[in-house]
Amino acid sequence: SESRDWRDQYIQYEKAGAKEYWIIAPSSRRAETYALRGKRYHRIEEDDGVIRSRAIRALWIKTIWLWPETRPTVLKALKELGIKP
(Lines give C-alpha, C1' and ligand atoms only; values in the text may rest on other atoms or scores of the structure.)
Protein backbone atom coordinates (compact mmCIF):
# COMPACT_ATOMS: atom_id res chain seq x y z
CA SER A 1 0.00 0.00 0.00
CA GLU A 2 1.08 3.59 -0.42
CA SER A 3 1.19 4.23 3.32
CA ARG A 4 3.53 1.26 3.74
CA ASP A 5 5.79 2.59 0.95
CA TRP A 6 5.91 6.12 2.39
CA ARG A 7 6.61 5.02 5.95
CA ASP A 8 7.60 1.42 6.68
CA GLN A 9 9.63 0.57 3.59
CA TYR A 10 11.32 3.98 3.66
CA ILE A 11 12.58 3.27 7.18
CA GLN A 12 13.61 -0.30 6.32
CA TYR A 13 15.55 0.73 3.21
CA GLU A 14 17.23 3.59 5.03
CA LYS A 15 18.35 1.27 7.84
CA ALA A 16 19.58 -1.29 5.27
CA GLY A 17 21.68 1.37 3.55
CA ALA A 18 19.93 1.34 0.15
CA LYS A 19 21.64 4.15 -1.76
CA GLU A 20 18.41 5.43 -3.27
CA TYR A 21 14.69 5.07 -2.69
CA TRP A 22 12.12 5.95 -5.34
CA ILE A 23 8.43 6.10 -4.49
CA ILE A 24 5.96 6.38 -7.37
CA ALA A 25 2.31 6.52 -6.32
CA PRO A 26 -0.03 6.64 -9.33
CA SER A 27 -3.23 7.05 -7.30
CA SER A 28 -1.99 10.26 -5.68
CA ARG A 29 0.23 11.28 -8.63
CA ARG A 30 3.26 11.62 -6.40
CA ALA A 31 6.82 10.72 -7.22
CA GLU A 32 9.64 11.27 -4.77
CA THR A 33 13.21 10.07 -4.68
CA TYR A 34 15.63 9.99 -1.80
CA ALA A 35 19.41 9.52 -1.74
CA LEU A 36 21.33 8.21 1.24
CA ARG A 37 23.84 10.64 2.72
CA GLY A 38 25.56 9.21 5.73
CA LYS A 39 22.85 7.18 7.43
CA ARG A 40 19.86 9.34 6.47
CA TYR A 41 17.83 9.84 3.32
CA HIS A 42 17.65 13.29 1.76
CA ARG A 43 15.13 14.14 -0.90
CA ILE A 44 16.29 14.50 -4.50
CA GLU A 45 14.45 17.49 -5.90
CA GLU A 46 13.09 17.53 -9.43
CA ASP A 47 14.88 19.74 -11.90
CA ASP A 48 12.43 21.12 -14.49
CA GLY A 49 10.21 18.05 -14.14
CA VAL A 50 13.11 15.59 -14.28
CA ILE A 51 14.35 13.30 -11.52
CA ARG A 52 17.99 12.28 -11.83
CA SER A 53 19.37 9.31 -9.97
CA ARG A 54 22.38 9.87 -7.74
CA ALA A 55 23.19 6.14 -7.62
CA ILE A 56 23.06 5.47 -11.38
CA ARG A 57 24.62 8.43 -13.16
CA ALA A 58 22.83 8.11 -16.51
CA LEU A 59 19.37 7.30 -15.07
CA TRP A 60 16.76 10.02 -15.27
CA ILE A 61 13.04 10.23 -15.90
CA LYS A 62 10.53 12.95 -16.63
CA THR A 63 7.81 12.76 -14.01
CA ILE A 64 5.12 13.39 -16.65
CA TRP A 65 6.08 10.05 -18.18
CA LEU A 66 4.71 8.31 -15.08
CA TRP A 67 1.06 9.21 -15.58
CA PRO A 68 -1.11 7.59 -18.27
CA GLU A 69 -2.45 10.81 -19.79
CA THR A 70 1.02 12.31 -20.32
CA ARG A 71 3.04 9.16 -20.93
CA PRO A 72 4.89 9.20 -24.28
CA THR A 73 5.12 6.28 -26.64
CA VAL A 74 8.05 3.96 -26.04
CA LEU A 75 9.78 5.17 -29.20
CA LYS A 76 9.43 8.84 -28.22
CA ALA A 77 10.78 8.15 -24.71
CA LEU A 78 13.73 6.19 -26.10
CA LYS A 79 14.51 9.04 -28.49
CA GLU A 80 14.47 11.58 -25.62
CA LEU A 81 16.73 9.28 -23.63
CA GLY A 82 19.16 9.16 -26.55
CA ILE A 83 18.63 5.46 -27.17
CA LYS A 84 18.24 4.20 -30.72
CA PRO A 85 15.69 1.37 -30.93
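Residues numbered from 1 in each chain as written. Predicted model: local features only at pLDDT ≥ 70, side-chain atom pairs only at ≥ 80, totals over all residues. Heavy atoms only, no water.

Chemist: In this structure, what is going on with the pattern of salt bridges? I would like to understand it.
Modeler: As a working rule, side chains carrying opposite charge can pair if their charged atoms are close by. A full pass over the atoms with the stated rule returns six salt bridges. We note a salt bridge from glutamate 69 to arginine 29, for which the minimum N-O separation is 2.0 Å. With glutamate 69 in the loop between strand 5 (60-62) and helix 2 (74-81) and arginine 29 in the loop between strand 1 (20-25) and strand 2 (30-37), the pair connects residues that are 40 residues apart, well separated along the chain. Under the relative-accessibility criterion, glutamate 69 is labelled exposed at 56%. By relative accessible area, which is 44% here, arginine 29 ends up partly exposed. Among the ionic contacts, a cluster of salt bridges with common partners joins Arg30, Glu32 and Arg43. (Salt bridge = Lys/Arg side-chain N within 4 Å of Asp/Glu carboxyl O. Helix = DSSP H or I, 4+ residues; strand = E, 2+ residues; numbered from the N terminus. Buried < 20%, exposed > 50% of the residue type's maximum accessible area, 1.4 Å probe, protein only.)

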